[in-house]
Amino acid sequence: MWKLNKPSVRKAISKDIDELTSHCASLDNIDKPVLKSLYTAYDRQRGIVSDAQLTTIPDVKAKAIHGQYDKTNTGDTLEYIRVELNENVDLCPYCSINQVSQLDHFMPRSKYPALAVCRMNLVPLCGVCNHKKSDDNFNLYIHAYYETFPSVPFLIANIYVLKLRFVVRYNFDSTAINDTVLEAKLNHQATEIELWDRLKKSTNTFINTLCSSCQVNDTLSLTIWLKSRLTEYESNFGLNDWRCAVIRGLLVCKKLDIDVVNSYKTHAQKVNGGAGA
């Protein structure tokens, strides 16, 4: 969650630019070094370029590049960029709920057309997050390729027990983040994509599945079992994935008890309310 491996800059400044210029009538070989310089600056400046750097691409050529993005769709000449970006990306880095299905222009295509097919500016997201992400104030969002995060847990799941059910409330730990700019981005992004509300069902399903799979018989063994699950989930999803936050929250929950876990087994949550055929 939050971060993805950065795409190959080498491919962006060689193969991608070669393919772009060879399939766009408005571009030719003299544009290659200018595009290479722009892409290199984007990477060097960690996901942003200045207006001055963008003006090195004339408006008419930037508009032509804008139109080339459609060629990243299935069966077209730049499809390979989409395929390579989606490779090994299982879940949306913004929500870690849904599979990725779209490419988001981190610096919006409508405002920065010269970056329309720059792979470092194209971030795989799920359709929900991409729809909710605003083109305004793009720099208030996390850039999944370039953002640097603290190597400690900063996503907190506060958990309490109500009527033998775990209730979860998420927030960010300011002390752990220790960076006001990063904290502002995290909070802005969570608000804009309605992350906390969207996590409610997924969190309940996760806890239901977790409790149903638990085979221990006492609270001490439950704690040991949860610690082993935490190690497994941190390895698979990352330190600050919401699933890991939930398990950490369970471990520090004052009312963690095997009876609560067992109640999930005797009153299991049915998919779609049990309305399946």
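Refer to the structure presented above.
Residues numbered from 1 in each chain as written. Predicted model: local features only at pLDDT ≥ 70, side-chain atom pairs only at ≥ 80, totals over all residues. Heavy atoms only, no water.

S.K.: It is not clear to me how empty space enclosed by the protein should be interpreted in this structure. Could you clarify?
M.R.: In this approach, a probe sized like a water molecule rolls over the atoms, and the result shows the empty space that is left. The tally for this structure, following the rule as stated, stands at 1 cavity of 30 Å³ or more. By volume, the largest cavity is sized at about 40 Å³. As for the largest cavity, its lining consists of F166, L210, C211, L222, W225, L226, L250, L256 and V261. Those elements that place two or more of their residues in the lining of the largest cavity are α9 (195–213) and α10 (219–237). It is α10 that provides the largest number of residues to the lining of the largest cavity, a total of 3 residues. Taken together, the residues of the lining of the largest cavity sort by class into 9 nonpolar, no polar and no charged. (1 Å grid on protein atoms, 1.4 Å probe; cavity = no way out; pocket = protein on both sides within 12 Å on 5 of 7 lines; lining within 4 Å. Points joined across faces, edges and corners; volume = space filled by probe spheres on them. Helix = DSSP H or I, 4+ residues; strand = E, 2+ residues; numbered from the N terminus. Nonpolar A, V, L, I, M, F, W, Y, C, P; charged D, E, K, R; others polar.)

S.K.: Teacher, can you tell me more about the environment of S110 here?
M.R.: By the secondary structure assignment, S110 is in the loop between β1 (102–105) and β2 (122–125). Judged by its relative accessible area of 54%, S110 falls in the exposed class. For S110 and G249, which are 139 residues apart along the polypeptide, the C-alpha to C-alpha distance reads 41 Å. (Buried < 20%, exposed > 50% of the residue type's maximum accessible area, 1.4 Å probe, protein only.)

S.K.: I tried to follow the pattern of salt bridges on my own but got confused; where do I start?
M.R.: Pairing of side chains with opposite charge becomes possible as their charged atoms draw close. Scanning the entire structure with this criterion turns up 15 salt bridges. The closest approach of N and O atoms between R119 and D16, which form a salt bridge, is 2.7 Å. Of this pair, R119 sits in the loop between β1 and β2 while D16 sits in helix α1 (residues 9–22), and the two are 103 residues apart along the sequence. Just as R119 is buried, D16 falls in that class too. If you follow the salt bridges from partner to partner, you end up with K11, D16, E84 and R119 in one network. (Salt bridge = Lys/Arg side-chain N within 4 Å of Asp/Glu carboxyl O.)

S.K.: What is the right way to read the pairing of strand β3 (residues 155–162) from this model?
M.R.: The side chains of a regular strand alternate, residue by residue, between the two faces of the sheet. The side-chain alternation of β3 yields one buried face, formed by L155, A157, I159 and V161, and one unburied face, formed by I156, N158, Y160 and L162. Taken together, the 8 bridges between β3 and strand β4 (residues 165–172) define a ladder with antiparallel strand orientation. Counterpart to L155 in the pairing with β4 is F172. Hairpin connection, β3 to β4: the antiparallel pair is bridged by 2 residues, and K163 has positive phi, about 50°. (Pairing = 2+ DSSP bridges.)

S.K.: Sorry, what's going on with α10 here?
M.R.: The α-helix advances 3.6 residues per turn, and as a result positions three or four apart in sequence lie on the same side. Taking 1.5 Å of rise per residue, the 19 residues of α10 would be expected to cover 27 Å, and the 26 Å separating its terminal C-alpha atoms lies within 8% of that figure. Listing the buried residues of α10 in full gives L222, W225, L226, L230 and Y233. Around the axis of α10, the buried residues are gathered within 155° of arc, so they sit on the same side. For α10, exposure combined with an orientation more than 90 degrees from the buried face picks out L220, I224, K227, T231 and S235. Close packing links the buried residues of α10 with α9, α11 (242–252) and α12 (258–266). The N-capping residue of α10, defined by a side-chain oxygen 3.2 Å from the backbone nitrogen of L220, is D218. Following α10 by one or two positions, G238 adopts a phi angle in the positive range, close to 100°. (Expected span 1.5 Å × (residues − 1). Arc of directions from axis to C-beta. Contact = heavy atoms within 4.5 Å. Polar contact = N/O pair within 3.5 Å; in protein donor to acceptor, adjacent residues only side chain to side chain.)

S.K.: What's the story with the packing of aromatic side chains in this structure? I'm lost.
M.R.: Where two aromatic rings form a pair, the distance of their centres and the angle of their planes describe that pair. As enumerated under the stated definition, the model contains 14 aromatic pairs in all. Taking 6.4 Å as the distance between ring centres and 5° as the angle between the ring planes, the aromatic pair formed by Y94 and Y141 counts as stacked. On the criterion of sequence distance, the pair formed by Y94 in the loop between α5 (79–86) and β1 and Y141 in the loop between α6 (127–132) and β3 is long-range, its members being 47 residues apart. Comparing Y94 with Y141, the two get one shared label, buried. Considering the side-chain rings of Y170 and W196, the 5.6 Å spacing of their centres and the 10° angle between planes classify their relative orientation as stacked. (Phe/Tyr/Trp six-rings, centres within 6.5 Å; stacked < 30°, edge-to-face > 60°.)

S.K.: Would you mind showing me how to read the environment of H188 here?
M.R.: Mapped onto the secondary structure, H188 falls in helix α8 (residues 180–192). The spacing of H188 and I142 is 46 residues in sequence and 9.3 Å in space, taken between C-alpha atoms. Setting aside residues up to four positions removed in sequence, H188 forms contacts with L140 and Y141.

S.K.: For this particular structure, what's the right way to read the pairing of β2?
M.R.: The two faces of β2 match: L122 and P124 on one face and V123 and L125 on the other face are all buried. Bridge analysis of β1 against β2 gives 4 bridges, and the strand direction is antiparallel. For H105, the partnering residue across the bridge sits in β2 and is L122.

Keep in mind these values describe shape, not function.
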